[in-house]
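Summary of the model geometry
Chain residues, written in single-letter form:
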Amino acid sequence: MKQKTIKRINWWKVIAIVFIFLFVLESIAFVLIWSWGANSLANEEECRTNICGIFEGYYWDSYSSICSCWQNGEYVKQQYIK
């Protein structure tokens, strides 16, 4: 009778594949978050200089992409930025 040989799993290969997958996911997340942050900063800069430059203050809402300007404690202008 032939004896069955049990194939062993090389766990280091499985762990290596898992870590490579996690590294790729982390890199994608890092690039997406970095680009979102850079875009948000650019929009805030546009709000501060181009839209609300002549007013007393500004507020940039990154969630709704709305730039609000105020003068003497009152909102005087709001604009949506793409």
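The coordinates are above.
The rules behind the values
- Residues numbered from 1 in each chain as written.
- Predicted model: local features only at pLDDT ≥ 70, side-chain atom pairs only at ≥ 80, totals over all residues.
- Heavy atoms only, no water.
- Patch = residues over 30% accessible without salt bridge, like charges linked within 9 Å, V, L, I, M, F, W, Y side chains within 5 Å.
- Areas by Shrake-Rupley, 256 points an atom, 1.4 Å probe, with all protein chains shown as cover.
- Salt bridge = Lys/Arg side-chain N within 4 Å of Asp/Glu carboxyl O.
- Helix = DSSP H or I, 4+ residues; strand = E, 2+ residues; numbered from the N terminus.
- Buried < 20%, exposed > 50% of the residue type's maximum accessible area, 1.4 Å probe, protein only.
- Pairing = 2+ DSSP bridges.
- Axes fitted to C-alpha atoms, helices over the stretch in contact; angles between N-to-C directions.
- Phe/Tyr/Trp six-rings, centres within 6.5 Å; stacked < 30°, edge-to-face > 60°.
- Disulfide = S-S within 2.5 Å.

With respect to a nonpolar patch on the surface
Taken together, the side chains of I9, W11, V14, I15, V18, F19, F21, L22 and L25 present a nonpolar region at the surface, about 920 Å² in accessible area. Mapped onto the elements of the fold, V18 is located in helix 1 (residues 11-51). Residue classification places V18 among the partly exposed positions, given a relative accessible area of 42%.

Describing the sheet that holds strand 1 (residues 57-61)
One open sheet holds the 3 strands; their spatial order is 1-2-3, and the pairing between them is antiparallel. Across the chains shown, the open sheet's two edge strands, defined by having one partner strand only, are strand 1 and strand 3 (74-80). Each strand of the sheet is rotated relative to its neighbour by a mean of 20°, with strand direction disregarded. Judged from the 5 bridges that link them, strand 1 and strand 2 (residues 66-71) form a sheet pairing that is antiparallel. Paired with W60 across the strands is C67, a residue of strand 2.

Focus: the packing of aromatic side chains
The full count for this structure, using the stated rule, is 2 aromatic pairs. With a centroid separation of 5.9 Å and an interplanar angle of 35°, the aromatic rings of F30 and W34 are classed as tilted. Taken together, the positions of F30 and W34, both in helix 1 and 4 residues apart, correspond to about one turn of that helix. Residue class for F30 comes out exposed when judged on its relative accessible area of 52%. The exposed category is assigned to W34, whose relative accessible area is 60%. Measuring from centroid to centroid gives 6.2 Å for W70 and Y75, while their planes differ by 85°, and the two rings are edge-to-face.

Here we look at the state of the cysteines
Here a disulfide denotes a covalent bond joining the sulfur atom of one cysteine to the sulfur atom of another. Tallied over the entire structure, the rule returns 2 disulfides. The partner cysteine of C47 in its disulfide is C67, sulfur to sulfur 1.9 Å. Handedness here is read from the sign of the S-S torsion; for C47 and C67, about 75°, the answer is right-handed. Here C47, found in helix 1, pairs with C67, found in strand 2; they are 20 residues apart in sequence, far enough to count as distant. A relative accessible area of 0% means that C47 is categorised as buried.

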